[in-house]
Amino acid sequence: MRGFIKRKSLFLLLSFILAATAYSEAQDSNQFPEWKEGYLDIHFISTGVGNCAFAVLPDGTTLLIDAGEEDPTSPRVLSPRNTRRYPNYSRLGFQWQADYITAMFPKGRAPVLDYALISHYHDDHFGGIYPGVPRSGKGNYFLTGITGVGDIIPIKKLIDRGYDYPYDLKTLDKSKSTDLQSLQNLWDFTAYHEKQSGLVHEKLIVGSDKQIVLQVNPKKFPDFNVRNINANGEVWSGTPEKPNRTKLPDKETIKRTGVGPGENPLSCGIRIQYGAFTFYTAGDIPGTQAEFEKMPEWYDMESSVAPVVGEVDVATTNHHANRDAMTPYYLSVLKPRVIIQEVWSSDHPGHETLIRMTSKKIWPDERDLFATNMLEANRLVIGDLLDNSYKSTQGHIVLRVMSQGKEYFIYVLSNMDENRRITGVFGPYRSK
């Protein structure tokens, strides 16, 4: 018992030193302290135009998860229902994303993305075509979202869910759909850079932990791992010996019935583990709620992935915490200590979803919520519950996991200008 008390006291002392060091670094210049070898940093970039997360892995390997950009000319985007562009309108969304990534790159390394993962083909995750979208000066493609970022910062390997499910997307008539035109633009970008820049394109391999790996010094961090959990409705079985599983209808059934999944259930999900620390993100996968009872069983992807993912330290909100996501079962299994929500719409979060994420009846442990740029419309509808539930509702959110994955912090950086000064530091959190 005395040994336990001593170990606990030592842990608390080390936690205090870590917290004091982080706070001191932040106070010295009010600037985010630069990445060092051994840190795992994940930046949730708040530009208001769509999801974009930039990760620097413990050895300096870089990973981009989505780079979305919605049509800035659409009535919806120009309405109070959507976030404005941050920090201002002097640049397009992809330009602000690339500017942030370049500023946060490991010192001494040329800005090159080792990996870029597109969770699914919605414009707020990979970039949409719109009137007046700029054309690249390099190849025959337009600059929006991931193609804009990739035009500025080279990408070595681009990973997505492929294009052959629920049908061969390349055979569809692009002239009738802006979404398909946006997808064609991605393919044009990919084809150009495969030929000219050595870009490698791959479909996410569900269950693999060999597709996204450390590139700089992997032997130094044997306790770091990225596991592909889900894509196209397929879910890792949990062990290499068992086949993956899926509830989604096969292509023949979809062709016969004309009923198939939209993009959200097909989202790619990955789990990052670093020592005792675990993080999970899965794009826009949905769950099932009462208002969605008429949806087929396969719509509920959260129930399929939860048992395989298990408990986590940090998770992003599925589907931006919309009404059909973050179900009680999913939350009761993952039990995230920190929940990060990327926001661009007035239904992020749904009121009932926020109640679920904060309910101690679902799981009793403490949890902290952070959002990138909450709208006034949300506050008007949800009221005090919203302001009382979040540690921060405005700014870039940076998850920093310390060496060996034992501790982590959340930094919030201002998204109101290019200085990106620290507005809050939270932690240390102890990894599970």
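One can find the structure itself at the top, above this paragraph.
To start, this report covers the structure provided alongside it. (Residues numbered from 1 in each chain as written. Predicted model: local features only at pLDDT ≥ 70, side-chain atom pairs only at ≥ 80, totals over all residues. Heavy atoms only, no water.)

A few words now on the pattern of salt bridges. Counted according to the given criterion, the structure contains 17 salt bridges. The salt bridge partner of Arg 91 is Asp 99, with a shortest N-O separation of 3.2 Å. Taking relative accessible area as the criterion, Arg 91 reaches 27% and is therefore assigned partly exposed. With a relative accessible area of 22%, Asp 99 lands in the partly exposed category. Across the pair Glu 366 and Lys 360 runs a salt bridge whose closest N-O atoms are separated by 3.2 Å. (Salt bridge = Lys/Arg side-chain N within 4 Å of Asp/Glu carboxyl O. Buried < 20%, exposed > 50% of the residue type's maximum accessible area, 1.4 Å probe, protein only.)

This part covers the state of the cysteines. Taken as a whole and judged by the stated rule, the model has zero disulfides. As a non-bridged cysteine, Cys 52 has Cys 268 as the owner of its nearest cysteine sulfur, 16 Å distant. Its relative accessible area of 0% is what places Cys 52 among the buried residues. (Disulfide = S-S within 2.5 Å.)

Let us look at the sheet that holds strand β5 (residues 155-160). Read from one edge of the open sheet, nine strands run β6-β5-β4-β3-β2-β1-β16-β17-β18, paired in mixed fashion. Sheet topology places β6 (200-203) and β18 (422-430) at the edges, where each strand pairs with a single neighbour. Each strand axis lies, on average, 15° off the axis of its neighbour in the sheet, ignoring direction. Both strand β3 (residues 62-67) and strand β4 (residues 113-117) contribute to a ladder of three bridges, which runs parallel. Within β4, the position partnered with Leu 64 by the bridge is Ala 116. In the packing of helix α5 (residues 178-196) onto the sheet, contacts are made with β5 and β6, and the angle to β5 comes to roughly 145°. (Pairing = 2+ DSSP bridges. Helix = DSSP H or I, 4+ residues; strand = E, 2+ residues; numbered from the N terminus. Axes fitted to C-alpha atoms, helices over the stretch in contact; angles between N-to-C directions. Contact = heavy atoms within 4.5 Å.)

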